[in-house]
Amino acid sequence: MLNMMLNPIILGQVVVNGLSLSSIYVLVAMGFTLLFGIMRVVNFAHGEFAMLGGFALLFLYGQLKLPFFVAVLLAAAIVAVGGLVLERLVFRWFYQKMFQSMIGLLGLSIALTYSAVLIWDVHARSIPPAFTAILRVGGLILPLDRLVVFGVSIVVLVLFYLLIRHTRMGLAMRATAQDLEIAEVQGINSTRIYQLAFVVAIFMTALAGGLYGQVYSLSPFMGEVPLLKAFIVVILGGMGSIPGAAIGGLILGMSESFLATFFGSAVSNFASFGVVILLLIVRPWGLMGTPE
Amino acid sequence: MIDDTAAGAAVRSGAAALSAPRWALAGLTALVMGVWPLVYPHSFALHIGTLVLLYCIGAASLHLVARMGHISLAHAAFMGIGGYTSVLLVMRLGWPFALSLPAAAGAAALLGLAIGPVLLRLSGKYFVLVTFLFGEIVRMVFSEWRDLTGGSNGIFNIPRPYPLFESPVAYYYLALGAMALCVGLCLRLVRSEIGRTMDALREGEQLTECSGVPVLRIKVTVFVIACAMVGIQGALQSHFVHFISPESFNIFESLNFVVMNVIGGLTNLLGPLLGALFLVLLPELLRDYVNLQRVIYGIILVVVMAFLPGGLVELGRRLRAGGARLLGRGEG
Amino acid sequence: MGALLQVEALSKTFGAVAAVNNLSFQIEPGEVVGIIGPNGAGKTTAVNLISGVLRPSQGRVRFGGEDVTGLRPDRLVRRGLVRTFQATTVYATRTVRENVRRGSFRKRYPGFLHALLETPKQRAWRAESEQHVDRILSWFGLSGHQDTQAAALPYGFQKTLGMAIALAAEPKLILLDEPAAGLSAEEADHVRDTIVRIRESGVTVVVIDHNMRFISNLCDRIVVMHHGEELAAGTPREVLTDPRVIEAYLGKRHVAAQIG
């Protein structure tokens, strides 16, 4: 076993796998933590937006045959902008009401999932793989699709970072997250900021869903997994913390890749749950959060 | 936690006694519940009725925990512990149901006792998250421990407790008896000095502790009782439907219990009972349109949480208040 | 005669910050002692440490000769040590009477089974505690308001209610955390009179505040805290003329105005 672990070829696989998993998790968790940090909602319907992103990509790439990079970004954009309807109809009643948001958005999750079933039926389907090539670099085996997932995610995350840190809109978002009342007194239109944050968050989530669909199969029920992962990452990193979501996602993705490869997925699941529970008991505000 | 002034800032100075018309209504309902199977033993109605009764147990027991300000997303896990305990004792070890039922309650209570002191220290949202994950872990244990539980395929052909209970009418009365005992215990708890303390805990934990209340001890005691009760539901339900599997106790089942409490109303024991009735009946009414029914379920949840956070009980209160105003105007 | 409350080398650090550092003092039965210091001096942390809300990093707390360090607040209440809160802490949606009832928990709860089964003992305890609540309400002049919702009371009455809830537990010693904060001069005088009456009824009082005038008009002794440590201790006159206190806390002109 130890020999296997130290084998560079296998390690290389584990790392690449881990990076692509991490990037998907970071994207999903980032959206989740944004919605919590700014609007104080716990988006139990988060996974469904990933699912919609996957189905949108299936349509744009699988059916309309648009070029992959166009399709994947356009799919996410369509879900994000279309999601604004839901923002006005559903989300806005739950802003700053954490507990009500949990149950209400759970209702939304159920409504979305079974609407998808009505539209597309329950069967799993897959997006035609865009990149089947496998790079061989110095003995390491690197599947191109995983690298693309990682690459696209990194680009989007860097853009997100620039938005948050170096634009006025990003500043407004951070101000609203810190203190809504003061931000509004300063002239920030909270409704607009909420909508902006929503679009950004859902864009990243839907993108993650599309990328996820590259590697795994799509079904109306696939949203459950991204939601669970988002929870774990956000607990690890701290609810509402953006760097926390990045670090948490990286840790989860890499450890899952490692544990699943060598010990099986059951062990990997138990381990991540167990660690998270322990963390919630000992340090509930996560690695990067602040204790209340 | 949910602000119980949202349910109407009614000032209640202690355990409110039921007024005369309410006693009459309660008595009538109890009578109907007890008598209708003898008059109209339709097997489908009996099946639904039995399920409603069993879910009342779980919903009411979760109410106890929620009343202290803790929303648990692990309630179905304890139901599963009770279910599997009873099923395995009966089918593998040949125990009589009369012993396996208390054992089921005991097993669920033991797990609650083991984990309660750790979990109940956690505040609001962390408690929700940890119970969410704990519930998943328990379900995974049910799934992975194939030698014991049969894994994700579940266990089939679970026998009824005794030949007597093969009859749907008999099982209905068994469920009715269990429900009456459990809900009765919940009612007693809520209206006793313990109930007053539970409310105080929810409304101001620090103040309550500084008034001499052993907060953690009371939380754990009530929690253990709630776990035992839902363990009983698990046992009764598994023997009722002749089947048990890990998926019967997943996060959505736990959420169901929470939803029953929320839809019915969080501040009143009647709430979860109404919620259980509503949530067991609704799928049956839309039986042919399973997916549409779930979409509607979801939409109802959104609407209720957005506009009626106090649940159906609040709706009832508002309707009555509106009706009173209407009548007042009519007479004026 | 043993001291009722002994605080020995009490310390509490949060990360790198020592909110309370090496604090020691004793309270004799029947005293009214003040703990004073500017905001951030560590007064409320000290109260939290003594009352069991926080666990000390170091040091000991003894009550009635018994080491009670680290015990949760309810265990301390059982031994006769209660506290009030800086921010008015009452059960906002409940009536005044219900608030006081909840404060008298120890007198109305013989045990879980008794309460659950509504035994005769439970009923007897409850009947007696209702009389106790009546006494507390009338002692504080709240009888006329007993059916008013606590949130509807004026701020001064809410603070009084906070004290009533604490005294309903029949303590030997009460820690009052900023009892006059946010009150007008008239209301503060009323609080002062109430504290004098509490002392006369046999309860030892520790008052925490930042208002030097209020404290010096009320207390037998004062402990001055600064940056989490004891700066000076003694009678009001001694403390007000202590150069360290003057330098750290008061300007010279203020001192002249306070004394006399």
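Residues numbered from 1 in each chain as written. Chains lettered and ligands numbered in written order. Predicted model: local features only at pLDDT ≥ 70, side-chain atom pairs only at ≥ 80, totals over all residues. Heavy atoms only, no water.

## Remarks on the sheet that holds strand S5 (residues 66–67) of chain C
Residue and element names in this part refer to chain C.
Here comes step 1: The antiparallel open sheet is built from four strands, whose spatial order is S2-S1-S4-S5. Of all strands in the sheet, those with a lone pairing partner are strand S2 (17–27) and S5, marking the two edges.
Here comes step 2: In the sheet, strand S4 (residues 58–63) pairs with S5 via two bridges, with the strands oriented antiparallel. Counterpart to Arg 62 in the pairing with S5 is Asp 67.
Here comes step 3: Packed onto the sheet, helix H1 (residues 43–50) meets strand S1 (5–14), S2 and S4 and runs at close to 115° relative to S1. (Pairing = 2+ DSSP bridges. Helix = DSSP H or I, 4+ residues; strand = E, 2+ residues; numbered from the N terminus. Contact = heavy atoms within 4.5 Å. Axes fitted to C-alpha atoms, helices over the stretch in contact; angles between N-to-C directions.)

## A few points about the interface of chain C and chain B
Here comes step 1: Opposite the 31 residues of chain C that make contact, chain B presents 33 residues.
Here comes step 2: Carbon and sulfur atoms supply 59% of the area buried between chain C and chain B, which totals about 2,900 Å² over both sides.
Here comes step 3: Summed over the shared surface of chain C and chain B, the number is seven salt bridges.
Here comes step 4: Residues C:Glu98 and B:Arg196 are paired through a salt bridge, measuring 2.8 Å at the closest nitrogen-oxygen approach.
Here comes step 5: Where chain C meets chain B, there are eight residue pairs in polar contact (both at pLDDT 80 or more).
Here comes step 6: Sorting the residues of the side of chain C that touches chain B by element identifies helix H2 (73–79), helix H3 (96–103), helix H4 (105–108), helix H5 (112–117) and helix H6 (120–139) of chain C as the ones contributing at least two each.
Here comes step 7: Across the side of chain C that touches chain B, the residue classes break down as 13 nonpolar, six polar and 12 charged. (Buried area = accessible area lost by both parts, 1.4 Å probe. Salt bridge = Lys/Arg side-chain N within 4 Å of Asp/Glu carboxyl O. Polar contact = N/O pair within 3.5 Å; in protein donor to acceptor, adjacent residues only side chain to side chain. Nonpolar A, V, L, I, M, F, W, Y, C, P; charged D, E, K, R; others polar.)

## Focus on the nonpolar core
Here comes step 1: Counting residues in hydrophobic clusters, the biggest one holds 208 residues, and the most contacted among them are A:Met39, A:Phe44, A:Phe49, A:Leu108, B:Leu133 and B:Ile194.
Here comes step 2: Per-element tally for this core: the top contributor is helix H10 (residues 215–241) of chain B, with 16 residues.
Here comes step 3: C:Phe85, C:Val90, C:Ile198 and C:Ala232 belong to the second largest nonpolar core, which has 50 residues in total. (Core = buried A, V, L, I, M, F, W, Y, C linked by side-chain atoms within 4.5 Å. Buried < 20%, exposed > 50% of the residue type's maximum accessible area, 1.4 Å probe, protein only.)

## Things to note about the pattern of salt bridges
Here comes step 1: Under the counting rule described, the total for this entry stands at 34 salt bridges over all chains.
Here comes step 2: Here B:Arg202 ties to B:Asp199 by a salt bridge, and the two come within 3.0 Å at their closest N and O atoms. Taken together, the positions of B:Arg202 and B:Asp199, both in helix H8 (residues 193–203) and three residues apart, correspond to about one turn of that helix.
Here comes step 3: The exposure class assigned to B:Asp199 is buried, which follows from its relative accessible area of 8%.
Here comes step 4: As a salt-bridge pair, C:Arg108 and C:Glu130 come within 3.2 Å of each other at their nearest N and O atoms. With a gap of 22 residues between them, C:Arg108 in helix H4 and C:Glu130 in helix H6 connect regions that are remote in the sequence.

These results come straight from atomic positions and should not be treated as a statement about function.
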